Amino acid sequence: MASEILYKATETVQKVMPGEHDVKFAQMATSTKDSQDTKARITTDWGTKQINTDDWLAVATEDKVGPSLLEDGFAREKIHRFDHERIPERVVHARGAAAFGKFTLFESAEDVTSAGVLTDTKRETPVALRFSTVLGSRGSADSVRDVRGFAVKFYTEEGNWDIVGNNIPVFFIQDAMKFPDVIHAGKPEPDNEVPQAQTAHNNFWDFQYLHPEATHMFMWTQSDRAIPRSYRMMQGFGVNTYTLLNAKGERNFVKFIFTPELGVHSFVWDEALKLAGQDPDFHRKDLEEAISAGAFPKWKFGIQVIPEAQEQDFEFDILDATKLWPEELIPIRYIGQLELNRMPDEYFTQVEQLAFCTSHIVPGIGLSDDPLLQGRNFSYQDTQVSRLGINFEELPVNKPICPVMNNNRDGAMRHTITKGKANYWPNRFEAHPPATAQEGGYVDYPEKVAGIKTRLKSKKFREHFNQAQLFYNSLSPPEKAHIVAALGFELDHCDDPVVYKRMADRLCEIDLDLAQHVAELVGADVPSEAKRPNHGKKAKGLSQLELMPAEPTIATRRVAIIIAEGYDAIAYNGVKAALTASGAVPFTIGPKRSTIFAAGESKSSGKGVVPDHHLEGMRSTMFDSIFVPGGVDAIATLRKNGRALHWVREAFGHLKAIGATGEAVAFVRDACQLPGVSFSSSGEVVDSYGVVTASQVHPESFKEAVKMAKGAKDFV
Ligand code: HDE
């Protein structure tokens, strides 16, 4: 049991989290102190209590300031520490957010692996999951069009296992040696450092054209997958092919997949663009909001397995990271669940210092000859040393929960104090010998390798367009239209005709209709024939519409209820209660954040509602849906408020569910410029645009519309 082999939880921990069994939490707690402790006193780093942290020791009188003294070690330490606060940001995936949680198995995969984390159904393995964007710097916006990182650290009883994945199942390049090129091309251009966190520029698209192998991946980045509504609503993929080894010593190739319980949902592009300025921390806040509210994000964990003997049975090379494994050929076997349930206490020590390495594997899990993975195994370890130093594994967030013992010693910032004389093996004490396989030692698979030393890939690596077509064909018409619009946007930002003309040409390798639409939009020559016929094949699970949960839910959806003085309290209270009961998060928005009274309520009644926000403080983009209760005076006020009209109109434009009752019906219809409508005998109208209006309150129909809101977006 992990709890026996490691750190015992301190008493403080047990007080903080009664009943908490997460061994990683307990371990980190031994390095944790509380900045809100009122009994603590400010000290220097060497422990001396200080009586003044505001005034530098100086030669001064009541009448005259004098020179500051260099001898003031307190002041020097404070400034000195501050000067050195920053460490290099990650060279890619610099912007991110993380949370902790647990991984559990509901089915053992012992037929294919001996790894405890994938076979012991009684275990709860602590995990840390860091989400990120790739190209932007640490201070860039969350909602930009980009791949999202999905990096999971499993603190297993046999050591740390890292799946350093993305929310897109394939990658731009086949060989790690191309990584600096693809990243240089995507990052801000070297002469002027423009643009920030964008692929909409000449260099990126120049590279895409000159690298046909990037075609499949760029189609994914132009799809809605690259503008997720929430970190909680996207898939995670290990991307590279790994291997699993079972107790019999048999080897299987494997891909790892995480599918969110809430379904896969995205912004519309205009929303993503606006949010980048209106709320650059939208995803980070969304994660914290859900976890703090107890709505723990969950993913099903799946494996796709190919026995070693079948390695060559596919038309693509299963070690080529620009290819996915279609579910029809290799079904996903869902065997576990990952849940996030705790936010970090401190960003720097638990997120910025979190360090992943693809080479972190545990017995029963192995690498493969995937040339991208092989290079990654070098790169991650290397980058952690330059970011965090050679002893990065000792940092509290990175430390394994099982014992660590070896002869790696010293180096900057070494923390562990290792007693005794044995710092080498073999030693006369026979101290800390290598483990046997029976003791849980990692056994390398005796893979037979033969070949010639050369810079070459197998033939199958040279085919680049089949799966780009497969992906495009598998999407619904609106998803395809979003790709056309996205490519139209990106190539419009390329001002070098060579770049956008060539790219229009490249699209003829995928689909003629797509190429023609984009070419026309961006001013390239409109092609009249395809360069390659579209094979017309489709695969399951690529359209995000297929990833809607079986039971759509409104849990954790943010709904803005817009009121003004004289609002209809019955409609307001009814809808708010219904939303809360279903796990949605209602926010009251008024023209001001001071008490607002309902129709018939007097100021002396002591009632009224204090809105959570006012109309100028927030924007419709920050909510999934809006509801406007009636009230003669309230609606008269809102009609005169340009921002209120803009809220409704913008939410409509972003295809969100909008609910309205009583006087608000006409207000919403006017704002959205919808044709007049007559009510059915039940007094309820649900029109095809996701606008639910009724003469009386019908929370159920509104809730249905909210459930489908993001789905509705996908259909329009
Ligand atoms: Fe990474 N990548 N990568 N990458 N990557 C990094 O490691 C690299 C690739 C991914 O939240 C770096 O710690 C190479 C594929 C994520 O801390 C660096 C290649 C996939 C994260 C690095 C790739 C990823 C990184 C920068 C080409 C999806 C963030 C900071 C072979 C499967 C991890 C760091 C976090 C981070 C190198 C390609 C995902 C430099 C050489 C493919 C999620 O080591």
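Residues numbered from 1 in each chain as written. Predicted model: local features only at pLDDT ≥ 70, side-chain atom pairs only at ≥ 80, totals over all residues.

Peer 1: Before we go on, may I ask you to explain the overall build of the protein chain in this structure?
Peer 2: Along its length, the protein chain carries 20 helices and 17 strands. The globule rule puts the C-alpha radius of gyration for 716 residues at 27 Å, and the 29 Å found for the protein chain is close to it. Seen through its C-alpha atoms, the protein chain measures out along the principal axes to roughly 90 × 85 × 55 Å. Expressed as a percentage of its 716 residues, the buried residues of the protein chain come to 43%. Intrachain contacts of the protein chain at a sequence separation of at least 6 include 73% that bridge at least 24 residues. (Helix = DSSP H or I, 4+ residues; strand = E, 2+ residues; numbered from the N terminus. Rg over C-alpha atoms; globule rule 2.2 N^0.38 Å. Buried ≥ 20, exposed ≤ 12 C-beta atoms within 10 Å, placed from the backbone. Contact = placed C-beta atoms within 7 Å.)

Peer 1: What's the story with the UniProt feature "active site" (unreviewed entry) in the protein chain in this structure? I'm lost.
Peer 2: Taken from the UniProt record, the annotation "active site" (unreviewed entry) applies to H93 and N166. The annotated residues occupy 74 residues of the chain but converge on a single region, no pair of C-alpha atoms lying more than 10.4 Å apart. Among the secondary structure elements, H93 is positioned in the loop between α4 (73-83) and β1 (96-105). Note on H93: 22 C-beta atoms within 10 Å, which makes it buried. When neighbours within four sequence positions are excluded, N166 is seen to be in contact with V147, R148, G149, F150, F237 and V239. (UniProt positions renumbered as here; feature names shortened; annotations may be inferred.)

Peer 1: In this structure, what is going on with the site of the ligand? I would like to understand it.
Peer 2: Looking at the ligand, there are 27 residues lining it, with R90, H93, G149, A176 and V239 nearest. At the level of elements, β2 (125-133), β3 (148-156), β4 (159-166) and α11 (371-388) are the ones that each hand at least two residues to the shell around the ligand. The element that contributes the greatest number of residues to the shell around the ligand is α11, accounting for 6 residues. Across the shell around the ligand, the residue classes break down as 14 nonpolar, 10 polar and 3 charged. (Near = placed C-beta within 6 Å. Nonpolar A, V, L, I, M, F, W, Y, C, P; charged D, E, K, R; others polar.)

Peer 1: Could you clarify how one ought to interpret the nonpolar core in this entry?
Peer 2: In a soluble, globular protein the nonpolar side chains are often hidden away together inside. V127, L129, A504 and V518 are the most contacted members of the largest nonpolar core, which totals 121 residues. Counting residues domain by domain, this core receives three or more from each of domain 1 (96-394) and domain 2 (465-546). Once residues lying within four places of it in the same chain are set aside, the contact partners of L129 are A98, A99, G101, A151, V152 and L340. Listed in part, the 40 residues of the second largest apolar core include Y567, A571, L579 and V628. (Core = buried A, V, L, I, M, F, W, Y, C linked by C-beta atoms within 7 Å. Domains from an automatic or database assignment.)

Peer 1: Help me understand the pairing of strand β8 (residues 298-307), please; the structure alone is not making it clear to me.
Peer 2: Remark: a regular strand shows side chains that alternate across the two faces of the sheet. Judged from the 9 bridges that link them, strand β7 (residues 251-260) and β8 form a sheet pairing that is antiparallel. Each residue of the ladder has a partner; that of V254, found in β8, is V305. (Pairing = 2+ DSSP bridges.)

Peer 1: Is there a simple way to explain helix α8 (residues 269-278) in this structure?
Peer 2: Note on helix geometry: an α-helix contains 3.6 residues per turn, so any two residues three or four positions apart are oriented the same way. For α8, the set of buried residues is E271, A272, L275 and A276. The buried side chains of α8 occupy one side of the element, clustering within an arc of 140° when seen end-on. Where the residues of α8 are buried, they touch α9 (282-292). (Arc of directions from axis to C-beta.)

Peer 1: Whenever I open this one, the pairing of strand β9 (residues 333-342) confuses me. Can you help?
Peer 2: As defined by bridge partners, β1 adjoins β9 across 6 bridges and the pair is classed as antiparallel. From the neighbouring strand, G101 faces β9, where its bridge partner is L340. As paired elements, β8 and β9 share 6 bridges and run antiparallel to each other. Within β9, the position partnered with G302 by the bridge is Y334.

Peer 1: Explanation requested: the packing of helix α6 (residues 202-210) against helix α14 (residues 497-507) in the structure shown.
Peer 2: For any two helices packed against each other, the geometry is given by the interaxial angle and the distance between the axes. Close contact between α6 and α14 brings their axes to 9 Å; oriented N to C, the two are set at 40°. The handedness of the crossing between α6 and α14 is left-handed. Of the residues in α14, those touching α6 at N202, W205, D206, Q208 and Y209 are V499, R502, M503 and R506. (Axes fitted to C-alpha atoms, helices over the stretch in contact; angles between N-to-C directions. Left-handed = near helix turned anticlockwise from the far one by under 90°.)

Peer 1: Quick question: what am I supposed to make of unusual backbone geometry here?
Peer 2: Across the chain, the bulk of peptide bonds are trans and the bulk of non-glycine residues have phi less than zero. That bond from V194 to P195 is cis: its omega, 0°, falls within 30 degrees of zero. Summarising the element assignment, P195 is placed in the loop between α5 (179-186) and α6. The omega torsion across W425 and P426 is -5°, close enough to zero to call that bond cis. Counting through the fold element by element, P426 comes out in the loop between α11 and α12 (466-474). The backbone phi angle of E430 is positive, close to 55°, even though this residue is not glycine. The residue E430 is located in the loop between α11 and α12 in this model. For L655, which is not a glycine, the phi torsion comes out positive at approximately 65°. Along the chain, L655 falls in the loop between α18 (642-653) and β15 (657-661). When the 20 C-beta atoms within 10 Å are taken as the criterion, L655 is described as buried.

Peer 1: What am I meant to see in the environment of T53 here?
Peer 2: Relative to the assigned elements, T53 resides in the loop between α3 (23-29) and α4. Judged by local crowding, T53 falls into the exposed class, with 10 C-beta atoms found within 10 Å. Distance from T53 to H517, taken between C-alpha atoms, is 64 Å for residues 464 residues apart in sequence. With sequence-adjacent residues up to four places away left out, T53 is seen in contact with I42 and K78.

Peer 1: Sorry if this is basic, but what is going on with the packing of helix α13 (residues 477-492) against helix α15 (residues 512-522) here?
Peer 2: Two elements in contact, α13 and α15, have axes whose closest approach is 9 Å; the angle formed by their N-to-C orientations is 35°. The two elements α13 and α15 meet at a crossing, and its hand is right-handed. In this structure, α13 uses V484, L487, G488, L491 and D492 to contact α15, whose residues at the interface are L514, H517, V518, L521 and V522.

Peer 1: Looking at this structure, I do not really get the confidence of the model for the protein chain. What am I missing?
Peer 2: Low-pLDDT stretches of the model should not have their predicted coordinates read in fine detail. Taken residue by residue, the protein chain gives an average pLDDT of 92. The fraction at 70 or more is 92%. The low-confidence segment residues 1-19, where pLDDT is below 50, has 23 contacts with residues more than four positions distant or belonging to other chains. In this model residues 709-716 is a low-confidence stretch, pLDDT under 50, and it forms 22 contacts with partners more than four residues away in sequence or in other chains. (pLDDT = per-residue confidence, 0-100.)

Peer 1: What am I meant to see in the environment of Y334 here?
Peer 2: Among the structural elements, Y334 can be located in strand β9. Along the backbone, Y334 and P212 are 122 residues apart, and their C-alpha atoms lie at a distance of 33 Å. Apart from residues no more than four positions distant in its own chain, Y334 is found in contact with K300, F301 and G302.

Peer 1: Would you take a moment to explain the environment of K187 for this structure?
Peer 2: Turning to its location among the elements, K187 is positioned in the loop between α5 and α6. In the structure, K187 is positioned 10 residues away from A197 in sequence and 7.1 Å away in space, judged by C-alpha atoms.

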